[in-house]
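# Tertiary structure, described
As a plain string of letters, each chain reads:
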Amino acid sequence: MELSFPKKPFRTHGGAAVPHRKHTAQIESVVMPAPAEVAIPMQMHVGAPCTPLVKPGDLVTVGQKIGDSKAFVSAPIHASVSGKVKAVKKIQLSSGGYGDAVIIESDGKMEPCPDLKAPEVTDLKSFLQAVHDSGLVGLGGAGFPTHVKLNVPEGKTVDTLIINVAECEPYLTADNREALEDSANVLDGVFTVKKMLKLSRAIIAVEKNKPQVIEKLNGLLAADSRNSDHSVGVLPLKATYPQGAEKVLIKACTDRTVPMGKLPADAGCIVMNVTSVATLAAYLKTGMPLVKKRLTVDGGAVKDPKNVIVPIGTYIRDIMNFVGMKTEPAKLLIGGPMMGMAAPTFDAPVQKQNNGLLFLSEEESHIPEPSACIRCGRCVQGCPMHLMPTRLEEYVKARDVEALQKFDVMDCMECGTCAYNCPAGRPLVQAIRLGKGLVKAGGAKK
Ligand code: SF4
Ligand code: SF4
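This report concerns the structure included in the present document. (Residues numbered from 1 in each chain as written. Chains lettered and ligands numbered in written order. Predicted model: local features only at pLDDT ≥ 70, side-chain atom pairs only at ≥ 80, totals over all residues. Heavy atoms only, no water.)

## Some words on empty space enclosed by the protein
Per the counting criterion, the structure on display carries two cavities of 30 Å³ or more. Counted as a void, the largest cavity has a volume near 100 Å³. Where the lining of the largest cavity is concerned, the elements lending two or more residues are α10 (389-397), α12 (417-421) and α13 (428-442). For the lining of the largest cavity, the per-class residue count stands at 12 nonpolar, two polar and one charged. When its volume is computed, the second largest cavity comes out at roughly 30 Å³. Considering the residues around the second largest cavity, the lining is formed by Thr12, His13, Gly14, Gly15, Thr240, Tyr241, Pro242, Gln243 and Val248. For the lining of the second largest cavity, a count of residues per class yields three nonpolar, six polar and no charged. (1 Å grid on protein atoms, 1.4 Å probe; cavity = no way out; pocket = protein on both sides within 12 Å on 5 of 7 lines; lining within 4 Å. Points joined across faces, edges and corners; volume = space filled by probe spheres on them. Helix = DSSP H or I, 4+ residues; strand = E, 2+ residues; numbered from the N terminus. Nonpolar A, V, L, I, M, F, W, Y, C, P; charged D, E, K, R; others polar.)

Here you go:
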């Protein structure tokens, strides 16, 4: 069935009017020179960790595969600098946990791997193999292997590709800059995925607070002969949080609802982050896998906020030195202030799925003491998933796993809207995370 392109976004539920603070939206990204050393974790994705393929003393080049796994849900890992493997050891990651990593001493030359070449893509099978080999994972933060996402399960019909350029988190502008600075690859990636998966349309969803992106992509699409049927287009969205959350985005773009506990494919959609689709297009042209990442570096402690393109595995401390701090940061958030996670160390490396480093000042990182719930209902009204956060918090306190399941705690996407809207400052997301842990420990219902 032919699908029309939506004339305007559909209504979504809940959300919060967060301040945008996109200080770096107009600033050209800066490429950081090769650091002296990188630490490349063997798990930067959802699924099975990779096994290191190199040992201390080995010489490596940029794009050379250094980690892989036979598991379907995994993604290979590649050297991001050229140089010598110094060690293969456990290191602390920005999550606070520990994991195996390949430590490479850079020779400063950034020499590309001589074996790299554009993959031969002739059909869906070879396309999915190429996506796998690129090492691509969801770059919006999820880290889900892209070849798994694009492998539509038998029995499901997907007709719509949605490209996520909403970037609704305050501060973050890495996707905004990707869409502006790498627009040709964005569109090449969109047309390739749409063609290979035989999709009817592709909707590039951009929040209205990124007018340059909307204008640029619209201009390119108008002149693109591949779009004579107008099946690829830009859909400007209301700038509200969490517009970029997968299920919210699907509703806004298609008026379809992903059923509780189900995936976008169950609503006939595939959602790809804009940086993911551009990285895929670049890989298909050059064979250079995912080895670098653009990050928004911002926050009250940063001297000159900007987007920085760094080799994956660069230590956060090296980025701090490169960008410059005006004061010692009181807190580091990996990601935005709504969904980002506090990192316990500056000595962890950048991973594939990271898109922002927020170095907060003392003042910004102060969290007021929560007071008692006043039953105002704002957390319920604002929840895009129609959950009842205040009740979930109570069930967590009571360790009532049955009630947590009944009230769909596992469907919480941890967007933080409820906590942001709460006048009592209740730590609702932390409670819900605990609740999910209780359900998992007790065996989640189907
Ligand atoms: S309950 Fe979960 S999904 Fe709903 S607003 Fe809170 S964090 Fe977001
Ligand atoms: S928003 Fe806060 S104070 Fe209001 S009902 Fe929810 S938890 Fe209670």
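## A few points about the state of the cysteines
Working definition: the covalent bond between the sulfur atoms of two cysteines is a disulfide. Counted by the stated rule, this structure contains zero disulfides. Free of any disulfide, Cys253 has its nearest neighbouring cysteine sulfur in Cys269, separated by 8.0 Å. A relative accessible area of 0% places Cys253 in the buried class. (Disulfide = S-S within 2.5 Å. Buried < 20%, exposed > 50% of the residue type's maximum accessible area, 1.4 Å probe, protein only.)

## Notes on the site of ligand 1
Around ligand 1, the neighbouring residues are Cys383, Pro384, Met385, Pro389, Cys412, Met413, Glu414, Cys415, Gly416, Thr417, Cys418 and Ile432. When each cavity is represented as a set of grid points, ligand 1 is found to reside in the largest cavity. Residues that form the shell around ligand 1 fall into these classes: nine nonpolar, two polar and one charged. (Near = heavy atom within 4 Å. Sits in = over half its atoms within 2 Å of the grid points.)

## Things to note about the layout of surface pockets
Space left empty within the atom packing is revealed by a probe, the size of a water molecule, rolled over the atoms. By volume, the second largest pocket amounts to about 1,100 Å³. The element that contributes the greatest number of residues to the lining of the second largest pocket is α13, accounting for four residues. Its residues placed into classes, the lining of the second largest pocket shows 21 nonpolar, six polar and six charged.

Nothing here speaks to function; it is all geometry.
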